[in-house]
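Each chain, letter by letter, is given below.
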Amino acid sequence: MQKFHVVIIGGGATGAALAHDLSLRGLRVTVVERGEVTSGTTGRHHGLLHSGARYAVKDQESAKECIQENMILRKIAPGSFELNNGLFVAITDEDMAYRPAFLEGLETCGIPYKEITPQEALRREPNLNPAVKAAVEVPDGTMDAMRLPLRFFATAQRNGAVIKTYTEVEELLMQGKTVTGVRVRDHVTEKTYEIGADIVVNAAGAWSGKIAAMAGVHVPLQPSPGVLVAVYGRWNNMVLNRMHRSGDGDIIVPQRTLSVIGTSSWVVEDPDRLEMKKEHIRLMYEYGAALVPAIKGAKMRAAWAAARPLIGSGGAQTGRELSRTFKCFDHAERDGVEGFVTIAGGKATTARGMAEVTADVVARKLGIDAPCRTREVVLLPHTAYYRRRW
Amino acid sequence: MATVTFKIYRYKPGAIDPPRYDTFRVEVEDHTTVLDVLEILRLDDPTLTYRHSCHHGSCGTCGMLVNGKEVLACVTNVLALKSDEVVIEPLRNAPVVSDLVVDMTPFFEKYAPVEMPYIRRSEYLPEAEPPEDVGEYMRFESCLECGLCLSACPVVATDPDYLGPAALAAAARVVQEPRGHDVPSIFQMVDNDEGCWRCHAAMECSAACPNGVDPGGMIMFLRKALLTQKR
C-alpha cells in the first residue's frame, strides 16, 4: 500500500495551497481529486483578488483575512494578477447612506483606500454609470482562478507532492475511531486501491460535507451556488463594485478579454446538482448595467453556476447571511475521530491562509516543529505544473 | 427543449482498449453547452473523464473535437450546432490519457520555454486615466493554452519537432511587448526550420483559436520582424 504522511482530499485552491505548505514543511503529501484540478468551485469563481472591502461592514473577520492574504499573494505570485485596483461606487441615495459605515469598516479592517471624486472615477472608467455619486478606490485585483492554484500545485509537486487527478475517494479507511487512509477509484485505470496516511485532510470545499459523512462526522457546511455571466469585451479595467451591502449582481470583474458579472446566491443540498437559473442571467445583465450601462448590449460568452462552500448551520435562506471566513476542524477534539481534519469555508483569496492554519494543526498532531514558509516562498510559474515528464 | 444524441469517445489504456463510442440521449435547453452535457452524464457515470475548470472560456482546459471541429466545450451551445447527433472526441495531435483528456505535457514542453509574461498592457479604454500607483492598466494574455491550434495544425500532425502555433504566437507576443525579456534569444528560438519558417500558412490555427490570438498572423509577424531585422 502507498503511504503518505498526509492525504488531502480535493484538488481545489485549498488543497493546492495546503499541499504546498505541507511539502515545504518536509511532509510527504498526496492530493486526490476526482476530476481535473480546480474543476469544482475553484476554477469557476469570478476571479476577484479581494481587498476585503466587500466584507468591511458585515463580515470583518473575513475582510481582514482578505486584505492580509491579498498583500501576501502579490509577493509570492508576481505576474498572476491584473493589478488595476478596484472602485466601490455609489449610484443611488441609498448607496450614499451606506458610505459612512463602509468607510468606517475599511478603517477598522485596515484596508487601504482613497476616496476620489465622481469626475475622477469617470476619467479612470469612462464606461461607468455617469450618475455616480461617490467612489472609493481599494486594492482589488483580478486573478486567474485556475492558474494561481496551478502555481501552488506546481511548487508542491517540485517539493515532492504527488497530485492524483481522476482519483475519487470511495471510502475512508478506519481502524476503530481513527482514520488511517483512503480507498480510491482511479477513473483512468478503473482500478481501486488504498492509500495509507497519518492524517487525512478533507479539503473538498462544497463537497466536504459528503466526505465528512464517510467518517460519521458532521461539518456545518452549506453549499451556496451563485450564477455568473461573462460578456465579451472589457468594459472596465478596474474591478467595479456597488457601494452597498452584499447583494446580487454587485460586481463586474474585468478578466483577460472579458467582463464577469456576479453573482446571485441561493442554497442547495447537493453541490453536484446546480440547476442553471435562467432568470438570474437576466438579473446579472440588469444589475451589471446599473454599474456600466453599456453592459446591456454586450454579447454573452457564458453563464454558469458555482457552489460556494460556506460555513453555516441549517436554516440559511440565500447564503448571503453566512460569513465568508473559514474554519479548521480537528475531528479528534470535536468528534473523537483521530487522524482526520476538515478545512472548510473561505475564499480563493484566503486559500493560503486557510492552508497555513490547517498545516499548523496537522504539524501539531504529527509532533512536527516546522514553521510555515508560504508567506515568503515565491511560487513557480503555472506552466511548471505540466513539467511532470520532461 | 430538444433531445439530442451524443456519441462520446471512450478510451482508457488497458481498461477501455481499443477505444469505443458510447451513445447517450440527453434533453437540452436553449442555454445548454457541450460541457453542461458532460457534467450531466458524469452524474450517472463518474468514470467519464474530461478536463474543465472555469466554464466560461477563460481557463482553456475543455478543448475537444465536437463534430470534428476544435472547440471549447464550455462555450459551445448544443442547439447552435444544429445537429441531431453530436460526436465528441479528444483533441488531435496529443496523446490521449483517458476518454476526452489529452496529455498537455508536449504542448507545454514547447510553449513554456518561451516564458511569455502572462500579463500584458490592456488595450481597452485607451482614453482612460489609470490610478497613479497602477500607471497603466494591465490584463492577462489572450492565449488560453488550450491546444486547439495544435490540434488543427496540419504541420503539427506530421512533424513532432515543429515548435507549433501556440509557442510561436507566444514568442511573437514577447517581441511585441518584451517586458524585460531578451528579444534576440526569442528570435534565435524561432528563426530555424522547426520554427516560424516551418509553417505552411494553412491558417487552421487562427480559425480554431477561441480567443482571437491569431497564431497564423503572429507567425507571419515573426517572419516579417526577422526579415526587417536582418536587412
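What you see is a predicted model, and the numbers here were worked out from it, not measured in a lab.

Caption draft 1: Seen up close, the overall build of chain A. The secondary structure content of chain A amounts to nine helices and 19 strands. Computed over its C-alpha atoms, the radius of gyration of chain A comes to 21 Å, within 12% of the 21 Å expected for a compact globule of 390 residues. The principal-axis extent of the C-alpha atoms belonging to chain A is close to 65 × 40 × 40 Å. Classification of the 390 residues of chain A by burial places 64% in the buried group. Relative to all contacts within chain A whose residues are 6 or more apart in sequence, the contacts with residues 24 or more apart total 73%.

Caption draft 2: Fine view of the interface of chain A and chain B. Across the boundary between the two partners, chain A contributes 58 residues, which contact 59 residues of chain B. Carbon and sulfur atoms supply 56% of the area buried between chain A and chain B, which totals about 4,900 Å² over both sides. Seen at the junction of chain A and chain B, the total is five salt bridges. In this structure, R123 of chain A and E129 of chain B form a salt bridge, with 3.5 Å as the shortest nitrogen-oxygen distance. The interface formed by chain A and chain B holds 29 residue pairs in polar contact (both at pLDDT 80 or more) in total.

Caption draft 3: Representation of the sheet that holds strand β2 (residues 16-28) of chain B within the structure. Residues and elements named next belong to chain B. A sheet is described by the order of its strands in space; here five strands give the open sequence β2-β1-β5-β3-β4, paired in mixed fashion. Looking at strand neighbours, the two that pair on one side only are β2 and β4 (69-72), the edges of this open sheet. With strand direction ignored, the average angle separating the axes of adjacent strands in the sheet is 30 degrees. Taken together, the four bridges between strand β1 (residues 2-12) and strand β5 (residues 85-89) define a ladder with parallel strand orientation. In the strand pairing of β5, F6 is matched with V86.

Caption draft 4: Representation of the pairing of strand β2 (residues 29-32) of chain A in the model. Residue and element names in this part refer to chain A. The side-chain alternation of β2 yields two buried faces, one formed by V29 and V31 and the other by T30 and V32. By the bridge criterion, four bridges tie strand β1 (residues 2-9) to β2 in an arrangement that is parallel. Each bridged residue has a counterpart across the sheet, and for V7 the counterpart in β2 is T30. Taking the sense of rotation as the criterion, the β-α-β connection linking β1, helix α1 (residues 13-24) and β2 turns out right-handed. Relative to strand β9 (residues 162-164), β2 runs parallel, the two being bridged by three bridges. Residue pairing across strands places T30 opposite V162, the latter belonging to β9.

Caption draft 5: How the structure looks around the domain arrangement of chain A. All names here are of chain A. If you check the domain split of chain A, you get domain 1 (5-42 + 147-220 + 323-387) and domain 2 (48-143 + 222-311). Distance between the C-alpha centres of domain 1 and domain 2: 29 Å. Here domain 1 packs against domain 2, burying approximately 2,700 Å² in sum over the two surfaces, 57% of which is carbon and sulfur. Of all residues in domain 1, the largest losses of buried area upon contact with domain 2 belong to L148, R324 and T349, amounting jointly to 24% of the total for that side. Inspection of the region where domain 1 meets domain 2 yields four salt bridges.

Caption draft 6: Inspection of the confidence of the model for chain B at higher detail. Confidence in the prediction for chain B averages 97 pLDDT; 100% of positions are at 70 or higher. Scoring the predicted complex yields pTM 0.97 and, for the interface, ipTM 0.97.

Caption draft 7: Molecular detail of the packing of helix α5 (residues 165-176) of chain B against helix α8 (residues 215-230) of chain B. Residues and elements named next belong to chain B. Where α5 meets α8, the axes come as close as 8 Å, and the angle between the chain directions of the two elements is 55 degrees. Judged by the angle between their axes, α5 and α8 are oblique. Seen along the crossing, α5 lies across α8 with a hand that is left-handed. Contacts between α5 and α8 involve P165, L168, A169, A171, A172, R173, V175 and Q176 from the first element and P215, M218, I219, F221 and L222 from the second. Looking at the contact of α5 with α8, its residues break down into 11 nonpolar, one polar and one charged.

Quick notes on the rules
- Residues numbered from 1 in each chain as written.
- Chains lettered and ligands numbered in written order.
- Predicted model: local features only at pLDDT ≥ 70, side-chain atom pairs only at ≥ 80, totals over all residues.
- Heavy atoms only, no water.
- Helix = DSSP H or I, 4+ residues; strand = E, 2+ residues; numbered from the N terminus.
- Rg over C-alpha atoms; globule rule 2.2 N^0.38 Å.
- Buried < 20%, exposed > 50% of the residue type's maximum accessible area, 1.4 Å probe, protein only.
- Contact = heavy atoms within 4.5 Å.
- Buried area = accessible area lost by both parts, 1.4 Å probe.
- Salt bridge = Lys/Arg side-chain N within 4 Å of Asp/Glu carboxyl O.
- Polar contact = N/O pair within 3.5 Å; in protein donor to acceptor, adjacent residues only side chain to side chain.
- Pairing = 2+ DSSP bridges.
- Axes fitted to C-alpha atoms, helices over the stretch in contact; angles between N-to-C directions.
- Right-handed = clockwise from strand over helix to strand, strands pointing away.
- Domains from an automatic or database assignment.
- pLDDT = per-residue confidence, 0-100.
- Parallel < 35°, antiparallel > 145°, perpendicular 65-115°, else oblique.
- Left-handed = near helix turned anticlockwise from the far one by under 90°.
- Nonpolar A, V, L, I, M, F, W, Y, C, P; charged D, E, K, R; others polar.

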